[in-house]
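Summary of the model geometry
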Amino acid sequence: MDLPPVDLVAALARARSREQPGPDTPAGPAVRAWPGPPRHLPEAGPGELDLGRLLRLSLAAADRAGRLRPTPSAGALHPVDAQLVVGGRCPLPPGRYGYDPLRHRVHRLGPEPGAALPGARIELSVTPRRTISHYGHRAWPLMLLDTGHAAAALWLAARALSAGPPTLLLDGTDDEPLAALHIAPSEGTRRDAQAPTPRELLARRSAPPPLRGTPPREELRAVLTTATEAGAGELAWCVAVGAPRPELVELAPDGTLRRLASGEARPTLAAWAAGQAWLADAGAVLLGYGCPRDAEAPRIRRAHLRAGFAVGLAHVAASRRGVAGRPVGSWQQADLGAALGGAPGRGWIVHGLALGTIHSAHSTHSDHSARSVQSEEETS
Ligand SMILES: Cc1cc2nc3c(=O)[nH]c(=O)nc-3n(C[C@H](O)[C@H](O)[C@H](O)COP(=O)(O)O)c2cc1C
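Cut-off values and rules
- Residues numbered from 1 in each chain as written.
- Predicted model: local features only at pLDDT ≥ 70, side-chain atom pairs only at ≥ 80, totals over all residues.
- Axes fitted to C-alpha atoms, helices over the stretch in contact; angles between N-to-C directions.
- Helix = DSSP H or I, 4+ residues; strand = E, 2+ residues; numbered from the N terminus.
- Parallel < 35°, antiparallel > 145°, perpendicular 65-115°, else oblique.
- Left-handed = near helix turned anticlockwise from the far one by under 90°.
- Contact = placed C-beta atoms within 7 Å.
- Nonpolar A, V, L, I, M, F, W, Y, C, P; charged D, E, K, R; others polar.
- Pairing = 2+ DSSP bridges.
- Buried ≥ 20, exposed ≤ 12 C-beta atoms within 10 Å, placed from the backbone.
- Domains from an automatic or database assignment.
- Core = buried A, V, L, I, M, F, W, Y, C linked by C-beta atoms within 7 Å.

For the pair helix α4 (residues 139-160) and helix α8 (residues 297-320), the least separation of the axes is 7 Å and the interaxial angle reads 45°. On the basis of the axis angle, α4 is oblique to α8. As α4 packs across α8, the resulting crossing turns out to be right-handed. Across the interface between the two elements, Pro 141, Leu 144, Leu 145, Asp 146, Thr 147, Gly 148, His 149, Ala 151, Ala 152, Ala 153 and Leu 156 from α4 touch Arg 301, His 304, Leu 305, Arg 306, Ala 307, Gly 308, Phe 309, Gly 312, Leu 313 and Val 316 from α8. Its residues placed into classes, the contact of α4 with α8 shows twelve nonpolar, six polar and three charged.

Turning our attention to the sheet that holds strand β12 (residues 284-290). Here six strands make up an open sheet; going across it, the order is β11-β10-β9-β12-β14-β13 and the pairing antiparallel. Of all strands in the sheet, those bounded by a partner on one side alone are β11 (257-262) and β13 (324-328). Strand-to-strand twist of the sheet, defined as the mean angle between neighbouring strand axes without regard to direction, takes the value 25°. Relative to strand β10 (residues 247-251), strand β9 (residues 236-241) runs antiparallel, the two being bridged by three bridges. Following the sheet pairing, Val 239 is matched in β10 by Val 249. Strands in contact with α8 are β12, β13 and β14 (348-356); relative to β14, the strand with the most contacts, it is inclined by about 10°.

With respect to the secondary-structure elements, His 304 resides in helix α8. A residue is classified by how many C-beta atoms lie within 10 Å of it, and His 304, with 30 of them, is buried. Residues in contact with His 304, not counting those within four places in the same chain, are Pro 141, Leu 144, Leu 145, Gly 148 and Val 350.

Below, the discussion takes up unusual backbone geometry. The linkage connecting Glu 176 with the following residue, Pro 177, adopts the cis geometry, with an omega of 0°. Take Pro 177: it is sitting in the loop between β6 (167-169) and β7 (179-183). Here the bond from Ala 243 into Pro 244 is cis, since omega is 5°, no more than 30 degrees from zero. With phi around 55°, Arg 89 is a residue other than glycine that occupies positive phi space. Inspection of the secondary structure puts Arg 89 in the loop between β2 (80-86) and β3 (95-100). Look at Arg 89 and you get partly exposed, because 19 C-beta atoms sit within 10 Å.

What follows concerns the domain arrangement of the protein. One can read the domain layout of the protein as domain 1 (8-203) and domain 2 (211-377). Just the C-alpha atoms count here: the centres of domain 1 and domain 2 sit 23 Å apart. Facing 36 residues of domain 1, the contacting portion of domain 2 comprises 33 residues. Among the secondary structure elements, those contributing two or more residues to the side of domain 1 that touches domain 2 are α1 (8-15), α4 and α5 (198-203). For the side of domain 1 that touches domain 2, the element with the highest residue contribution is α4, accounting for twelve residues. A per-class count over the side of domain 1 that touches domain 2 returns 21 nonpolar, seven polar and eight charged.

Among the nonpolar cores identified, the biggest contains 113 residues, and Ala 151, Val 285 and Leu 286 are the most heavily contacted of them. With 16 residues, α4 is the single largest residue contributor to this core. Looking at this core, you find at least three residues from each of domain 1 (8-203) and domain 2 (211-377).

Laid out in structure tokens, this is it:
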């Protein structure tokens, strides 16, 4: 990282306050300056983990219009850096590599530490300057969420390629990496029918606002189930539903939707989400909440990484069901638990996913990026 270790407790308290970020500063280079010459990622042989395709489906810049990664990222700033610890049965010799997502090349950084498992461990960290450049003191929770989204993208790519089951590590405490996944080579497992296809992963986008049209309850239930399962109990999940019967719903133990509260929550959500007015008209908004005011740094970190991971999976699940989504990451004073009648300070919104069935199509990628940055800019 290019900054001293951060005090996450103080950073989160400040990000949740009413304080506005200052003017933008330069974001710096889009990719970390890895040392040494760039190396091509060779094609995978039989029984090897296809690292090249795995990275193409998750982290490689996908188009020539300036979009930096296939994953979503707050402000399209993409602070997440990836290092690969390559073990056996990979198309690269064992060792540690830095990944350049713009050129889809790797830089050898050294030998692998000890006996790496077959396959690769992908370690994710961030270059804070990129997100701080726009969001200032609101950047830390967003960077943790972004890292969770990148982990989700790798997880989904591993599934799409029928690699071995990924192992996800989101509970580390070192400054670097913030998150890691170990992905094993395939053991000849048949393709999981529930897994997304490579095409679906590359087609995922954040739908530009306005994002209207309440999704059918069955789709909401499926998206909420995906988020709840991927969230692994770190947060509570619910959906604020729009017309014709505005309410908040959550999953009942039997997997059906049940009412958490009646009434219209979306205008309040818009005010809490840095004043993004379009949220008041969103068809529905998936919400992950918890991470109390007295949470210590490891819990804050875990909750945000998990929330990013869960919303990443929920976003792709929604798209596959024909429901458009847009992550929403900046929340101030968003004490949903207290608004629902609980104790204050216990149930803060950590992450959201606006959902809708009626939305404008993307024009060009660069157009869209410009528009999405603008919509977040309007808020600060
Ligand atoms: C953690 C996170 C928070 C985000 N927060 C917002 C938000 O508050 N408002 C918004 O309009 N878009 C938000 N986005 C969506 C990004 O603007 C979008 O991902 C980015 O512009 C790249 O576009 P793409 O997702 O279509 O690739 C967020 C994305 C992430 C990952």
